[in-house]
Amino acid sequence: MSFTALKQGESAVQNEHMAEQVIRANDLSKDFTDVGHATLGQLVRNTAKQINVLKELTFSVEKGELLGVIGRNGAGKSTLLRLLAGVYSVTGGNLWVASEPSALFEMGTFLDANATGRRYCEEYFEFLGVPEQEIPTLVEEIREFIEIGPFFDKPVREYSSGMKARLLFAAATARRADVFLIDEALVVGDEYFQAKAWRRLFALLNNGASGVIVTHDMDSVVKLCDKAIYLNKGRVAFEGKSYQTVNTYLGLARRATDEVCLLERERLAETVIHHVSGQDVTIRFSVQVSKVPESRILTIAVSIIRRQRPGGIIHVCKMDNNVSAGHKGVYDYEFRMENVNLETGEYYCTLSLGDPPPSGEGPLVKIYDEQRWIPFTVEGTVLPEKEQPLLNKHVEWCVECI
């Protein structure tokens, strides 16, 4: 299938705006035949019941953009990827993809467990029609990138799942492609490799590549994607900036406990903190205590991270304070941090409620509730009389009951 061809009879005339799009779907639908409940006669006459998996999806992906797709199992996420890759045919609507994509989720179909990692890469590039003289250079670059030492020349059957993920990701991204289709490829593997993968993806995006990532890892969506769609029962339930889509999806999920919870979650999810470097930061929020913690103390943790390209995420700072929670009821708090000296850029803030760690330091023992990915934009310049910009420093701050 040629991915430069339009599908389902779409007009070949494209306006100037559409020329910047690399993927365009309009009222896209996909049905499957319910083979398990069909008779032979129904299958022959093509009258068997149809299962509607995707329903009237409309979205687009711009050049240099990575679209995140989230939703529960069975929402149609993997089906959508396979439509984009041309594995499945479209049932209804229009789908246009600018060029043949590199589909990371299909990489395993080429994997011969008895082949070495080196041989796998060679066969994969031969299959793609890469000129023979270019293959050794690509294979050597992959060997260096995945850092698995002598295992690169051992059979893949001896690889751990993380080593396989490194091999597949590196092979799929070794050559330039205009469109990448990714399904959970970055979730498998340790944090070190994920950081390398993010850096490579950011570099590809900065050089004009585009794509779609399907994942259950909400952090990856916000880190990598500018916008995202939330699929629910085959339909687009929400589309917007990645943090908005993630907060919408997580807001519909049940919190870990009802013992202690944040109030006015919708307001928090829609909050955008605008900060001028060198000024104070203030966040107001309310907490409902329905069951008093054993310690009669509640830890409120606030973390700030920065999202940037290239480089991914930088953890700026994490702060926590213990506050009294000795009786049931509603507590109104004000979080305040003075003279926050940050460089201009895009940051995110996470607000968490939990039990304090026994030693007084370390992660929260139990998280009751949290609001993640609150946008935190910084303007202005770092004041010359201040210290260097805030970065992984201990910060004095306070939470007051108001």
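Residues numbered from 1 in each chain as written. Predicted model: local features only at pLDDT ≥ 70, side-chain atom pairs only at ≥ 80, totals over all residues. Heavy atoms only, no water.

Draft legend 1. Region of the structure containing the overall build of the chain. Scanning the chain for helices and strands turns up nine helices and 18 strands. For the chain, the residues scored as buried account for 48% of the 402 residues in total. (Helix = DSSP H or I, 4+ residues; strand = E, 2+ residues; numbered from the N terminus. Buried < 20%, exposed > 50% of the residue type's maximum accessible area, 1.4 Å probe, protein only.)

Draft legend 2. Broad picture of the packing of aromatic side chains. Considering all chains together, one arrives at 13 aromatic pairs under this definition. Summarising the aromatic geometry, the rings of Phe145 and Phe193 are spaced 6.2 Å apart at their centres and angled 75° between planes, so their arrangement reads as edge-to-face. Here Phe193 lies in helix α6 (residues 191-206) and Phe145 lies in helix α4 (residues 135-146), a separation of 48 residues in the sequence. Between Phe169 and Phe193, the aromatic rings sit 5.9 Å apart at their centres with planes inclined by 90°, giving edge-to-face as the arrangement. A residue pair is termed long-range when its members are at least 10 positions apart, and Phe169 in helix α5 (residues 161-173) and Phe193 in helix α6 qualify at 24 residues. (Phe/Tyr/Trp six-rings, centres within 6.5 Å; stacked < 30°, edge-to-face > 60°.)

Draft legend 3. The sheet that holds strand β9 (residues 235-241), seen in detail. The strand order across the open sheet formed by six strands is β5-β6-β7-β3-β8-β9, and the pairing between neighbours is mixed. Two strands close off the open sheet at either side, each with one partner strand: β5 (102-103) and β9. Pairing analysis gives four bridges linking strand β3 (residues 66-70) to strand β7 (residues 210-214), with the strands arranged parallel. Note on β7: the bridge partner recorded for Val69 is Val214. Packed on one face of the sheet, helix α2 (residues 77-85) meets β3, β5, β6 (179-183), β7 and β8 (227-232) and runs near 155° to β6. (Pairing = 2+ DSSP bridges. Contact = heavy atoms within 4.5 Å. Axes fitted to C-alpha atoms, helices over the stretch in contact; angles between N-to-C directions.)

Draft legend 4. Geometry of the packing of α4 against α6. Where α4 meets α6, the closest approach of the two axes is 11 Å, and the angle between their N-to-C directions is 135°. When the axis of α4 is compared with that of α6, the two are oblique. Residue-level inspection shows Glu141, Glu144 and Phe145 of α4 in contact with α6, the latter providing Phe193, Lys196, Ala197 and Arg200. Broken down by class, the residue content of the contact of α4 with α6 amounts to three nonpolar, no polar and four charged. (Parallel < 35°, antiparallel > 145°, perpendicular 65-115°, else oblique. Nonpolar A, V, L, I, M, F, W, Y, C, P; charged D, E, K, R; others polar.)

Draft legend 5. Broad picture of unusual backbone geometry. Positive phi values are uncommon outside glycine, yet Glu56 reaches one of about 50°. Looking at where Glu56 falls in the secondary structure, it is placed in strand β2 (residues 50-62). With a phi close to 55°, Lys233 is a non-glycine residue in the positive phi region.

Draft legend 6. Up close: α4. For α4, built from 12 residues, the straight-helix expectation of 16 Å at 1.5 Å per residue is met to within 8% by its first-to-last C-alpha distance of 17 Å. Looking at the packing, one finds that the buried side of α4 touches α3 (117-128), α5 and α6. At the C-terminal side of α4, Glu147 shows a positive phi close to 55°. (Expected span 1.5 Å × (residues − 1).)

Draft legend 7. Structural detail: the pattern of salt bridges. Scanning the entire structure with this criterion turns up 13 salt bridges. A salt bridge links Arg235 to Glu56, with the shortest nitrogen-to-oxygen separation between them at 3.4 Å. Of this pair, Arg235 sits in strand β9 while Glu56 sits in strand β2; the two residues are 179 residues apart in sequence, bridging distant segments of the chain. Two residues, Glu259 and Lys366, come together in a salt bridge whose shortest N-O distance is 3.4 Å. Of this pair, Glu259 sits in the loop between α8 (242-252) and β10 (260-262) while Lys366 is found in strand β17 (residues 366-379), placing the two residues 107 residues apart along the sequence. For Glu259, a relative accessible area of 21% translates into the label partly exposed. Where salt bridges share partners, they join Arg119, Glu122, Glu123 and Glu126 into one cluster. (Salt bridge = Lys/Arg side-chain N within 4 Å of Asp/Glu carboxyl O.)

Draft legend 8. View of the environment of Thr377. Assignment of secondary structure puts Thr377 in strand β17. A C-alpha to C-alpha distance of 5.0 Å links Thr377 and Glu346, two positions 31 residues apart in sequence. Here Thr377 is in contact with Ile273, His274, His275 and Gly345, once residues within four sequence places are set aside.

Draft legend 9. Structural view of the nonpolar core. Core analysis: the biggest nonpolar cluster contains 50 residues, and Cys121, Phe125, Ile142, Ile146, Phe152, Leu167 and Leu224 have the highest contact counts within it. Those residues within four positions of Phe125 in sequence are excluded, and the remaining contacts are Val130, Ile135, Leu138, Val139, Ile142, Ala171, Ala174 and Arg175. Of all hydrophobic cores here, the second largest spans 32 residues; its members include Ile273, Leu342, Tyr368 and Phe376. (Core = buried A, V, L, I, M, F, W, Y, C linked by side-chain atoms within 4.5 Å.)

Draft legend 10. Geometry of the packing of α3 against α4. Look at α3 against α4: their axes get within 10 Å of each other, and the N-to-C directions meet at 135°. Considering the angle they form, α3 stands oblique to α4. For the pair α3 and α4, the sense of crossing is right-handed. Along the contact surface, α3 presents Arg118, Cys121, Glu122, Phe125 and Glu126, while α4 presents Ile135, Leu138, Val139, Ile142 and Arg143. Grouping the constituent residues of the contact of α3 with α4 by class yields six nonpolar, no polar and four charged. (Left-handed = near helix turned anticlockwise from the far one by under 90°.)

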